[in-house]
Amino acid sequence: MGSWAAATTWRLGGCSGRGGLRGVVTRRRGSSRPGGGDRAATLSDLLQSSVEAEEPGAAEAAERRQRRSPREGTVLLFPGQGSQFVGMGRGLLRYPGVRDMYRLAEKVLGYDLLSLCLEGPRDELDRTRHCQPAVFVASLAAVEKLNHQRPEVVESCVAAAGYSVGEFAALVFAGALDFAEALYAVKVRAEAMQQASEAVPSGMLSVIGRREANYKLACAEARKHCESLGIEKPVCEISNYLFPDSRVIAGHLQALEFLQQNARKYYFTRTSMLPVSGAFHTRLMEPAVEPLAEVLKSTEIQKPLVCVYSNVDGKKYMHSKHIKKLLVKQVVSPVLWEQTMHSVYERKQGTEFPYTFEVGPGKQLGAVLKKCNLKAWKQYNHVDALEDEESAGT
């Protein structure tokens with residue numbers, strides 16, 4: 001599998017830097033996790049994609065890239081849990097390196113991820129411990145498809161963002177994390193989050209509200225209701241900021257039931273329970289913090305080669321310690337996706353918006369982008385994990 005891009009200089013929306021853009025990347029031959037055997041070495045053999053040395057003419061090419069319009073730069077968005085479906089990945093297997101990715105995933109995870117993605121059963125694929133690694137690998141496999149069909153899109157990428165677990169895929173794409181090490185961290189994260197969700201009856205409620213909706217008051221009164229039922233330290237808080245007038249509220253099931261029953265009082269026009277097992281991105285996930293933090297302590301992380309935006313604060317990651325800190329904090333912090341979209345697409349009036357590609361299963365991030373920024377959404381494309389697409393941009 002060849003390099004995803006040669007050495008390049010990129011500049012857009014305040015992000016600038018120089019380096020070879022790498023996707024499924026190994027910068028560290030021979031490095032391995034404690035107890036990980038030759039996992040990193042296997043990645044080097046299977047998924048080598050290194051920075052190319054500058055060749056004659058590279059300086060001139062870099063200068064041309066600097067002069068290009070913002071429209072020629074691209075943004076990649078990586079989906080999160082909930083976008084998975086049985087059959088995803090089937091349309092990606094003919095692209096270079098994808099089967100190798102799934103073979104390596106089987107070694108890291110200890111089960112046949114590809115078979116689970118292609119054949120199900122759905123109940124198993126939807127389990128947190130399985131769907132997070134599944135979406136992670138499928139998204140990076142979709143980048144391989146994009147690179148095969150339209151390599152210029154990958155070469156001109158200037159920014160990336162991932163929704164929840166998608167952030168790990170975005171960081172791998174940007175060269176900050178090693179594929180195998182990131183997948184192992186996702187495995188630990190997913191298993192710990194599932195275990196935490198099974199400890200307390202909890203869930204997530206999608207809410208569409210009117211302009212006057214008071215989410216904080218609603219959550220506070222839902223917590224008081226839980227206390228009246230004898231629940232100690234009840235949790236009910238916003239866990240996802242999706243787009244204007246749309247939030248996901250997570251917490252104890254009794255709190256979410258209270259909000260559904262009193263939706264009109266809080267000016268909620270529509271509520272629906274999400275098909276997840278727990279209150280992700282709230283303090284009910286605190287038991288998952290330490291296992292992930294422990295894994296990341298022994299994971300080598302480097303500064304991303306393109307701008308990657310954090311779910312925790314909607315801002316760019318600055319350095320490796322910053323990444324480790326916020327990846328752990330993300331587990332118990334709300335996903336500020338609406339704020340992240342504003343950061344990614346912030347530009348002077350009249351400046352063109354970049355082309356955006358959602359890589360991986362589902363089109364949920366595209367639908368959210370349309371609500372957050374209609375002008376940016378007009379340059380949106382989806383790279384599907386299914387077959388029978390004529391091109392990546394259709």
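First things first, this report covers the structure right here in the doc.

Rules used in this analysis
- Going along each chain's sequence as written, the residues are numbered from 1 onward.
- Local features in a predicted model are, by the rule used here, given only for residues with pLDDT of at least 70; side-chain atom pairs are given and counted only at 80 or more, and totals for whole chains, interfaces and linings are based on all residues.
- Just so you know, side-chain values use all the structure's heavy atoms and leave hydrogens and water out.
- Strand pairing is assigned whenever DSSP detects at least two bridges linking the two strands.
- Secondary structure is summarised from DSSP: a helix means a run of H or I of at least four residues, a strand means a run of E of at least two, and numbering begins at the N terminus for each.
- Helix axes use the C-alpha atoms of the stretch in contact, all axes being lines fitted to C-alpha atoms, and the angles between their N-to-C directions lie in the range 0 to 180 degrees.
- Throughout, a contact is declared for two residues whenever any of their heavy atoms are within 4.5 Å.
- Salt bridges are defined as contacts in which a side-chain nitrogen from Lys or Arg sits within 4 Å of a carboxyl oxygen from Asp or Glu.
- For every residue, the accessible area obtained with a 1.4 Å probe (protein chains only) is divided by the maximum for its type, and the residue is called buried under 20%, exposed over 50%, and partly exposed between those limits.
- Aromatic rings from Phe, Tyr and Trp, taking only the six-membered ring of Trp, are treated as a pair when their centres fall within 6.5 Å; an angle between ring planes under 30 degrees marks them as stacked, one over 60 as edge-to-face, and anything in between as tilted.
- Either the NZ atom of lysine or the CZ atom of arginine qualifies as a charge over a ring when it sits within 6 Å of the ring centre and within 35 degrees of the ring normal.

**So, the sheet that holds strand E5 (residues 202-209)**
Here is step 1: Strand order in the open sheet formed by five strands is E8-E5-E7-E6-E10, with mixed pairing between adjacent strands. The outermost strands of the open sheet, each flanked by one partner alone, are strand E8 (268-273) and strand E10 (335-336).
Here is step 2: As judged from the seven bridges shared by E5 and strand E7 (residues 246-252), these two strands associate in the antiparallel manner. Bridge pairing in E7 places methionine 204 opposite alanine 250.

**Some details on the sheet that holds strand E11 (residues 355-359)**
Here is step 1: Taken in spatial order, the five strands line up as E9-E4-E3-E11-E12 in an open sheet, and their pairing is parallel. What marks the edges here is a single partner per strand, and that holds for strand E9 (307-309) and strand E12 (380-383). Along the sheet, successive strands turn relative to each other by an average axial angle of 20°, direction set aside.
Here is step 2: With three bridges connecting them, strand E4 (residues 157-162) and E9 associate as parallel partners. Across the sheet, alanine 159 pairs through a bridge with cysteine 307, a residue of E9.
Here is step 3: This element, helix H8 (residues 166-173), spans strand E3 (74-78), E4 and E9 of the sheet and lies at about 155° to E4.
Here is step 4: The sheet strands contacting helix H14 (residues 337-344) are E3, E4 and E9, and the helix crosses E4 at an angle near 175°.

**Quick notes on the pattern of salt bridges**
Side-chain pairing between opposite charges can occur once the charged atoms of the two side chains come close.
Here is step 1: The full count for this structure, using the stated rule, is eleven salt bridges.
Here is step 2: Among the salt bridges present, the one from glutamate 212 reaches arginine 210, with a minimum N-O distance of 2.7 Å.
Here is step 3: Taking relative accessible area as the criterion, glutamate 212 reaches 38% and is therefore assigned partly exposed.
Here is step 4: Judged by its relative accessible area of 42%, arginine 210 is partly exposed.
Here is step 5: Salt-bridge contacts for glutamate 338 lead to arginine 247; the nearest nitrogen and oxygen are separated by 3.6 Å. Highlighted residues: glutamate 338 in helix H14 and arginine 247 in strand E7, separated in sequence by 91 residues. In this pair, the class of glutamate 338 matches that of arginine 247, namely buried.
Here is step 6: Put simply, Arg129, Lys187 and Glu191 are held in one network by salt bridges that share partners.

**Let's talk about the environment of aspartate 126**
Here is step 1: Examined against the element boundaries, aspartate 126 turns out to sit in the loop between helix H5 (122-125) and helix H6 (128-149).
Here is step 2: Sequence-distant contacts of aspartate 126, defined by excluding residues within four places in its chain, comprise Gln84 and Cys131.

**Section: the pairing of E11**
Here is step 1: Burial analysis of E11 places four of its five residues in the buried class, the great majority of the element.
Here is step 2: Sheet analysis places E3 next to E11, joined by four bridges and oriented parallel. Counterpart to leucine 76 in the pairing with E11 is phenylalanine 357.
Here is step 3: Looking at chain direction, E11 and E12 are connected through four bridges and run parallel.

**Overview of helix H13 (residues 320-330)**
Because the α-helix completes a turn every 3.6 residues, residues three or four places apart line up on one side.
Here is step 1: All of the buried residues in H13 are His322, Ile323, Leu326, Leu327, Val328 and Gln330.
Here is step 2: Buried residues belonging to H13 abut H8, helix H9 (179-199) and helix H12 (289-297).

**Details of the packing of aromatic side chains**
Here is step 1: Taken as a whole and assessed by the stated rule, the structure comprises six aromatic pairs.
Here is step 2: A ring pair is formed by tyrosine 163 and tryptophan 337, whose centres lie 5.4 Å apart and whose planes are at 65°; its orientation type is edge-to-face. Of the two residues, tyrosine 163 sits in the loop between E4 and H8 while tryptophan 337 sits in helix H14, which places them 174 residues apart along the sequence. Of the two residues examined, tyrosine 163 and tryptophan 337, each falls in the buried class.
Here is step 3: Summarising the aromatic geometry, the rings of tyrosine 215 and phenylalanine 268 are spaced 5.5 Å apart at their centres and angled 20° between planes, so their arrangement reads as stacked. Taken together, the positions of tyrosine 215 in helix H10 (residues 215-228) and phenylalanine 268 in strand E8 put the pair 53 residues apart, joining distant regions of the chain. The pair tyrosine 215 / phenylalanine 268 is uniform in exposure class, with both members buried.
Here is step 4: A connected cluster of aromatic rings, assembled from ring pairs, spans Tyr215, Tyr266 and Phe268.
Here is step 5: Lying across the ring of tryptophan 377, lysine 370 places its NZ or CZ 4.4 Å from the centre.

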